[in-house]
Amino acid sequence: MDPALLDDFSLEMTGKDVPGLEEACDSVPSGTRINITLLAGEDTRARLAAARAVKRLGFVPVPHISARRLPSRPALEEFLAGLAADGTAGNVFVVGGDPARPEGPYEDALAVLRTGLLRRHGVRHVGIAGYPEGHPGITDRALWSALTDKAAAIGASRFTGDVITQFGFDVDPVLAWLEALRARGVHLPVRVGVPGPAGVRRLLRYAGRFGVGTSASVARKYGFSLTNLMGTAGPDRFLTALADRYDPARHGTVKVHFYTFGGLRATADWITRFR
């Protein structure tokens, strides 16, 4: 496969994974983008500390902003002001979030983008979410409408941006979704979500949580069996298939985003060996 697919990959962690990042930092290229997802119950202080730690270790922090978890406009302003004060506000990832009902005034990521607060506090790059296999609680029509509206808002606000997809086990829907995305006029770079190496049980648990379909045939294609859940699996077959079939003319700019599920060192070492 073309090793360029893994150039400028990004990683995902939580605030609790800072010790793991410290352990893995010698295996992760300096300047790697590290998304810091929001854990339920985390306060602003903990989230700001995680972003500072990522920056201190030589990486680019990408804090998540979960629209439906924001209790108020002042809460959003407080978080953004804290990031700005720490020099970690340049890159954010804005997502609707898990709560079925908003905890404050923001229904979705687009509502946050339209506040004007991001640029006011020094944000320059905005990531948004994409769902090649759909979302268990949102119709495909609504997903496409939201994605095109968010991409337009990013352009209108003169941000740079990218789309980070939910992870999956099958290349086919990812490639089809990329073509459909470009056909709709969205040309932002896409970071295809890939699960780092993990136990099969754990992978399936996360897949179920995020509504990712896993048939026996897809599992075999990816490299594990649904009848033997004791093993581990890495994304080598997925990435090889993606690289073999990726066509920049049809699919646009594509990079890879690793969901580490707490295993930052294991993921970083796996990437090194695979490359």
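For the structure, see preceding data.
Residues numbered from 1 in each chain as written. Predicted model: local features only at pLDDT ≥ 70, side-chain atom pairs only at ≥ 80, totals over all residues. Heavy atoms only, no water.

## Let's talk about the overall build of the protein chain
Okay, step 1: Assigned secondary structure in the protein chain consists of 12 helices and 10 strands.
Okay, step 2: Its C-alpha atoms give the protein chain a radius of gyration of 18 Å, near enough to 19 Å, the size a compact globule of 275 residues would have.
Okay, step 3: Here the C-alpha coordinates of the protein chain stretch approximately 50 × 40 × 35 Å along the principal axes.
Okay, step 4: A total of 275 residues make up the protein chain; the buried ones form 49% of that total.
Okay, step 5: Counting only contacts in the protein chain whose residues sit at least 6 apart along the sequence, the fraction spanning at least 24 positions is 80%.
Okay, step 6: By element, 50% of the accessible surface of the protein chain is carried by carbon and sulfur atoms, the whole surface being about 12300 Å². (Helix = DSSP H or I, 4+ residues; strand = E, 2+ residues; numbered from the N terminus. Rg over C-alpha atoms; globule rule 2.2 N^0.38 Å. Buried < 20%, exposed > 50% of the residue type's maximum accessible area, 1.4 Å probe, protein only. Contact = heavy atoms within 4.5 Å. Areas by Shrake-Rupley, 256 points an atom, 1.4 Å probe, with all protein chains shown as cover.)

## Brief notes about the packing of aromatic side chains
The way to describe two aromatic rings as a pair is by their centre distance and the angle between their planes.
Okay, step 1: The tally for this structure, following the rule as stated, stands at seven aromatic pairs.
Okay, step 2: An aromatic cluster of three or more residues is present, and its members are Phe 9, Phe 258, Trp 270 and Phe 274.
Okay, step 3: Over the ring of Phe 79 we find Arg 47, and its NZ or CZ is 3.8 Å from the ring centre.
Okay, step 4: The aromatic ring of Trp 144 is capped on one face by Arg 184, whose charged end is 4.0 Å from the ring centroid. (Phe/Tyr/Trp six-rings, centres within 6.5 Å; stacked < 30°, edge-to-face > 60°. Lys NZ or Arg CZ within 6 Å of the ring centre and 35° of its normal.)

## Focus: the pairing of strand β2 (residues 33-37)
Okay, step 1: Taken across its five residues, β2 has four buried, putting it largely inside the fold.
Okay, step 2: Taken together, the five bridges between strand β1 (residues 10-14) and β2 define a ladder with parallel strand orientation. Counterpart to Glu 12 in the pairing with β2 is Asn 35.
Okay, step 3: This β-α-β element, β1 to helix α1 (residues 18-24) to β2, shows right-handed connectivity.
Okay, step 4: Direction of pairing for β2 relative to strand β3 (residues 60-66): parallel, over a ladder of four bridges. (Pairing = 2+ DSSP bridges. Right-handed = clockwise from strand over helix to strand, strands pointing away.)

The analysis is restricted to geometry; functional conclusions fall outside its scope.
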